[in-house]
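The lines below spell out each chain.
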Amino acid sequence: MQKNLNFNNILKNLNILYIEDEENIRINIKKVLLLLCENVFDTSSTEEAKIILKEQRIDIVISDINLPDNDGISFVKELRKTDKTIPVILLSAFTDTKYLLEATKLKLVDYLTKPIDFKTLNNALQTCVEEILDNSRYLILFQNNIQYNVLHKKLIDLNTEKEILLTSKELELLSFLIKHNNRIVSADELKSNIWEDYFEATDSALKNLLNKVRKKIGKESIINISGVGYRLDF
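This one's a predicted model, so the numbers in the text were calculated from it and none came from an experiment. (Residues numbered from 1 in each chain as written. Predicted model: local features only at pLDDT ≥ 70, side-chain atom pairs only at ≥ 80, totals over all residues. Heavy atoms only, no water.)

Caption draft 1: Inspection of the side chain of aspartate 157 at higher detail. Secondary-structure assignment places aspartate 157 in strand β8 (residues 154-157). What aspartate 157 contacts, discounting residues up to four positions off in sequence, is Asn144, Asn145, Ile146, Lys162 and Ile164. (Helix = DSSP H or I, 4+ residues; strand = E, 2+ residues; numbered from the N terminus. Contact = heavy atoms within 4.5 Å.)

See the structure below:
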């Protein structure tokens, strides 16, 4: 029971990418997913899914097999070229031996036949959480042996095994850069997401905050692309 409670808490903080071309099904399953997880990115095409994967930190992928622009099997095959461990759940309206044989080669967490009930989907997601924990996908290692636990939002100096305390603003900045680690984030985007008060969101306030976080995770861990923005490097 305690394990399930912990897994549910972890799942709440993860980002799910859900691909389904049938709008009614996508809307209904997204509603179910949002009961379990706070962040769900849904799309009807693999092309848009690829854009989301580039722009967002995605922890779990759920995809229908039959899609208009590409089949789910081919999409996951392409995904596996760059990410060997991200948990993937495939959905299908029917059980096809050919698909099943192909799917076994893709290291799937599960292959679910639609219509999907809440318990089946929840069990598959719990397995995804277990894989994430087993593969340490929630741990980010920065310079000088500084490690950040994404799930618990804690920064640890592995040399001393002591926690490095982060202020709320430092945590917001780091979390935002991690969430969008696959792209460059502009200064304006950072300011608008970290400060509620427009007058507090000054260039000097952002620069000061960036310097404080750099001191804690390593100077070169936040790259400044002149005239464009910032990107996290780990």
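Caption draft 2: Up close: helix α6 (residues 118-134). Across its 17 residues, α6 extends 24 Å between first and last C-alpha, which sits within 8% of the 24 Å expected from 1.5 Å per residue. Between the side-chain oxygen of the N-cap and the backbone nitrogen of lysine 119 there are 3.1 Å, and the N-cap of α6 in question is aspartate 117. (Expected span 1.5 Å × (residues − 1). Polar contact = N/O pair within 3.5 Å; in protein donor to acceptor, adjacent residues only side chain to side chain.)

Caption draft 3: Expanded view of helix α3 (residues 46-55). Considered for burial, the residues of α3 that qualify are Thr46, Ala49, Ile52 and Leu53. Projected down its long axis, α3 shows its buried positions confined to an angular sector of 105 degrees, all on one face. Of the surrounding elements, those touching the buried residues of α3 are β1 (15-19), β2 (39-43), β3 (60-64) and α4 (72-82). (Buried < 20%, exposed > 50% of the residue type's maximum accessible area, 1.4 Å probe, protein only. Arc of directions from axis to C-beta.)

Caption draft 4: View of the sheet that holds strand β9 (residues 162-164). If you walk across this open sheet you meet the 4 strands as β6-β7-β8-β9, and the pairing is antiparallel. In this open sheet, the two edge strands, each paired with only one partner strand, are β6 (139-141) and β9. Sheet twist, expressed as the mean angle between neighbouring strand axes with direction ignored, is 30 degrees. Examined bridge by bridge, strand β7 (residues 146-149) and β8 share 4 bridges and lie antiparallel to one another. (Pairing = 2+ DSSP bridges. Axes fitted to C-alpha atoms, helices over the stretch in contact; angles between N-to-C directions.)

Caption draft 5: Representation of the sheet that holds β3 in the model. The strand order across the open sheet formed by 5 strands is β2-β1-β3-β4-β5, and the pairing between neighbours is parallel. Bordering the open sheet on either side are β2 and β5 (110-113), each of which pairs with just one other strand. On average, each strand axis in the sheet is tilted by 20 degrees relative to the strand beside it, whichever way the strands run. Of the pairings in the sheet, the one linking β1 to β2 comprises 5 bridges and is parallel in character. Among the inter-strand pairings, isoleucine 16 is bridged to a residue of β2, identified as valine 40.

Caption draft 6: A look at the packing of aromatic side chains. Applying the stated criterion across every chain, the model contains 2 aromatic pairs. When the ring of phenylalanine 142 is compared with that of phenylalanine 234, the centres are 6.0 Å apart and the planes differ by 85 degrees; the resulting orientation is edge-to-face. Here phenylalanine 234 lies in the segment after β11 (229-232) and phenylalanine 142 lies in the loop between β6 and β7, a separation of 92 residues in the sequence. By relative accessible area, phenylalanine 142 is classed as buried at 5%. The class of phenylalanine 234 is partly exposed, set by a relative accessible area of 45%. Pairing tyrosine 198 with phenylalanine 199 gives two aromatic rings, centres 5.6 Å apart and planes at 80 degrees, and the pair type is edge-to-face. Pair check on accessibility: tyrosine 198 and phenylalanine 199 agree, each one exposed. (Phe/Tyr/Trp six-rings, centres within 6.5 Å; stacked < 30°, edge-to-face > 60°.)

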